[in-house]
Amino acid sequence: MTRTEIPFFPPDLFTGEDRETFLRLLHEIGTSPDQRFILGSRTRRFEDALKDATGAADAVACGSGTGALYLVLRALGIGPGDEVVVPAFGCAPLAAAVLHTGARPVFADVDPVTLVVDPAEAERWVRPATRALMPAHMFSVTADMPRFAELAGRHGLRLVEDSAVAQGAVIAGRPAGLWGEAGVYSFVQVKSFGMPGEGGMVVTRDAEIGRRVRMLRNHGQDGVHRFLHHEIGVNSRFDEIQAAFQLHRLPSLAARLDRRAHIAAYYTERFAGLPGITPPPPGRDGRCFYVYTLLAHERDALRKHLAEAGVATHVYYPLPLPGQRAFAPYAEAAQPGVRWPHAERAAAHHVSLPVYPHLTDAQVEHIADAVCAFARR
Ligand SMILES: *Cc1c(COP(=O)(O)O)cnc(C)c1O
């Protein structure tokens, strides 16, 4: 067998025409007489493009996906004394963005197969201090937003949607990001609409939330009067070169997402019924294949087998969030003695395979063959 080397993250993210375009935009914006590098006309056009693509009332570009989550929570008035229910399994910003507002995260366990936060578990943690629910879409599966919307309505809670990885997904006819009062997208390099730098976007159905996020992202200024600060904001602004580059790449995003979904569907078909392997559920509704993540009974042995076959894999979250040193003291104070068994199991058994759109069919087949060979050995 000839040895292939398939990295987990593509080393050639921006090739050919994209790279040429990036250099042209760099030169154009760098030498333009107005010398405007942040929050200019290109950022506004990029915001409008995502507003139109999703049907949002407003889209506000900001410094990162993490920044976007923080800005949304602040715009909703969440702060000291409040609790926000977040998934027990997921990325650090879910807990950190809440803590940065002065509020407290309360962790809810996830579904054992889809790995997204379970609405019934989230409801278990609704108590008098609860102000908001913040479900997150994970890997390739979106949270059950119709149920979270119903839950938020029934308990009078705010609903924030961490859709950082789900740009382009549609859940029961509505774009991911628009189920919550506000959602976020991330454009950090590794995301499906990643770019060569940092950036994020808030999308919202509520123009007033958009207006508040716009102020907070730029030190509480209203965009009309400079150096007048209406409230304490942050620096979470957006870069003009990146905005121009993302505008250039937006029309081809759907095709790249489609290729990812096609690869994922092939994996899921090949992995059906394999002993010791649990692939994500099949289907396209509410799905976005940022990452293809499966559960493996012998996860570490599978990773070793794949590495020997030249296939790099990735383990995202080695611990549930409340088990992380940064967040454990808050979990112990607010949820003493609680365990999150599905999050613990997910942390121990999940592994992600390469799914980027420019994998060749031969590479995709090689990856699937290697997983099947391990399971049937
Ligand atoms: C990547 C990610 C974020 C944070 O986005 P950044 O742009 O890296 O700050 C937030 N939530 C989820 C679910 C993510 O995957």
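Worth saying up front: this structure is predicted, and the values here are computed from it rather than measured.

Draft legend 1. Region of the structure containing the site of the ligand. Within the structure, the ligand sits among S64, G65, T66, C91, D162, A164, V165, S186, V188 and K191. In the environment of the ligand, an oxygen atom lies 2.5 Å from a nitrogen or oxygen atom belonging to the side chain of T66. In this structure, D162 approaches the ligand through a side-chain N or O atom, which is 2.6 Å from a nitrogen atom. Grouping the constituent residues of the shell around the ligand by class yields four nonpolar, four polar and two charged.

Draft legend 2. Quick peek at the sheet that holds strand β12 (residues 350–353). Taken in spatial order, the three strands line up as β10-β11-β12 in an open sheet, and their pairing is antiparallel. Here the strands that pair on one side only, and so sit at the sheet edges, are β10 (277–278) and β12. Sheet topology places β10 next to strand β11 (residues 292–296); two bridges connect them, and they run antiparallel. For I277, the partnering residue across the bridge sits in β11 and is A296. In the packing of helix α10 (residues 299–308) onto the sheet, contacts are made with β10, β11 and β12, and the angle to β12 comes to roughly 20°.

Draft legend 3. Molecular detail of the packing of helix α3 (residues 65–75) against helix α4 (residues 93–100). Closest axis-to-axis distance for the α3/α4 pair is 9 Å, and the angle between their directions is 40°. One way to sum up the angle between α3 and α4 is to call them oblique. Here α3 runs over α4; the crossing is right-handed. Facing T66, L69, Y70 and L73 of α3, the residues of α4 in contact are P93, A97, V98 and H100. Of the residues in the contact of α3 with α4, the class split is six nonpolar, two polar and no charged.

Draft legend 4. How the structure looks around the pairing of β12. Judged by which residues are buried, β12 turns out to be covered on both faces: H350 and S352 on one side and V351 and L353 on the other are all buried. Bridging between β11 and β12 involves four bridges; their strand directions are antiparallel. Each bridged residue has a counterpart across the sheet, and for T293 the counterpart in β12 is S352.

Draft legend 5. Spatial organisation of the nonpolar core. Core analysis: the largest hydrophobic core is formed by 94 residues, its most contacted members being F89, F107, M134, F148, F187 and M201. Per-element accounting of this core gives the leading share, seven residues, to α3.

Draft legend 6. Up close: the side chain of R260. By the secondary structure assignment, R260 is in helix α9 (residues 253–271). Here the side chain of R260 touches F289 through a polar contact of 3.2 Å, landing on its backbone oxygen. Beyond its immediate chain neighbours, meaning those up to four positions away, R260 contacts S192, F289, Y290, V355, Y356 and P357.

Draft legend 7. The arrangement of helix α13 (residues 361–375) in detail. With 15 residues, α13 should cover 21 Å at 1.5 Å per step; its first-to-last C-alpha distance of 21 Å lies within 8% of that length. Buried residues of α13: V364, H366, I367, A368, A370, V371, C372, F374 and A375, and no others. Of the surrounding elements, those touching the buried residues of α13 are α9, β10, α10 and β12.

Draft legend 8. Seen up close, the packing of α3 against helix α7 (residues 207–216). Packing of α3 against α7 brings their axes to within 9 Å, and their N-to-C directions diverge by 120°. The angle between α3 and α7 places the two elements in the oblique class. The handedness of the crossing between α3 and α7 is right-handed. In contact with L71, V72, R74 and A75 of α3, α7 contributes I209, R212, V213 and L216. Of the residues in the contact of α3 with α7, the class split is six nonpolar, no polar and two charged.

Draft legend 9. Seen up close, the sheet that holds strand β3 (residues 104–108). Spatially, seven strands are ordered β1-β9-β8-β5-β4-β2-β3 in an open sheet, and the strand pairing comes out mixed. Strand pairing shows two members of the sheet lacking a second neighbour, β1 (58–62) and β3, which therefore form its edges. Taking the axes of each pair of neighbouring strands and ignoring which way they run, one obtains an average angle of 25° across the sheet. Here strand β2 (residues 83–87) runs beside β3; their pairing, made up of five bridges, is parallel. For E83, the partnering residue across the bridge sits in β3 and is R104. Of the strands in this sheet, β4 (130–133) and β5 (158–161) are in contact with helix α6 (residues 145–155), which crosses β5 at around 155°.

Draft legend 10. Expanded view of the pattern of salt bridges. All chains considered together, the criterion is met by 21 salt bridges. We note a salt bridge from D18 to R249, for which the minimum N-O separation is 3.5 Å. Remark: R249 occurs in helix α8 (residues 240–249) and D18 occurs in helix α1 (residues 16–31); sequence separation between them is 231 residues. The class for R249 is buried, based on a relative accessible area of 4%. As a salt-bridge pair, E28 and R24 come within 3.3 Å of each other at their nearest N and O atoms. With E28 and R24 both in helix α1, this residue pair falls four residues apart, about one helical turn. Relative accessible area serves as the criterion here: at 37%, E28 is assigned to the partly exposed category.

Draft legend 11. Layout of the packing of aromatic side chains. This model, assessed by the stated rule, comprises 19 aromatic pairs. With centroids separated by 5.0 Å and ring planes inclined at 65°, the aromatic side chains of Y267 and Y292 adopt a geometry described as edge-to-face. Within this pair, whereas Y267 is found in helix α9, its partner Y292 is found in strand β11, the two being separated by 25 residues in sequence. By the burial criterion, Y267 is buried, and Y292 matches it. Summarising the aromatic geometry, the rings of F271 and Y292 are spaced 6.2 Å apart at their centres and angled 65° between planes, so their arrangement reads as edge-to-face.

Cut-offs used in this document
- Residues numbered from 1 in each chain as written.
- Predicted model: local features only at pLDDT ≥ 70, side-chain atom pairs only at ≥ 80, totals over all residues.
- Heavy atoms only, no water.
- Near = heavy atom within 4 Å.
- Polar contact = N/O pair within 3.5 Å; in protein donor to acceptor, adjacent residues only side chain to side chain.
- Nonpolar A, V, L, I, M, F, W, Y, C, P; charged D, E, K, R; others polar.
- Pairing = 2+ DSSP bridges.
- Helix = DSSP H or I, 4+ residues; strand = E, 2+ residues; numbered from the N terminus.
- Contact = heavy atoms within 4.5 Å.
- Axes fitted to C-alpha atoms, helices over the stretch in contact; angles between N-to-C directions.
- Parallel < 35°, antiparallel > 145°, perpendicular 65-115°, else oblique.
- Left-handed = near helix turned anticlockwise from the far one by under 90°.
- Buried < 20%, exposed > 50% of the residue type's maximum accessible area, 1.4 Å probe, protein only.
- Core = buried A, V, L, I, M, F, W, Y, C linked by side-chain atoms within 4.5 Å.
- Expected span 1.5 Å × (residues − 1).
- Salt bridge = Lys/Arg side-chain N within 4 Å of Asp/Glu carboxyl O.
- Phe/Tyr/Trp six-rings, centres within 6.5 Å; stacked < 30°, edge-to-face > 60°.

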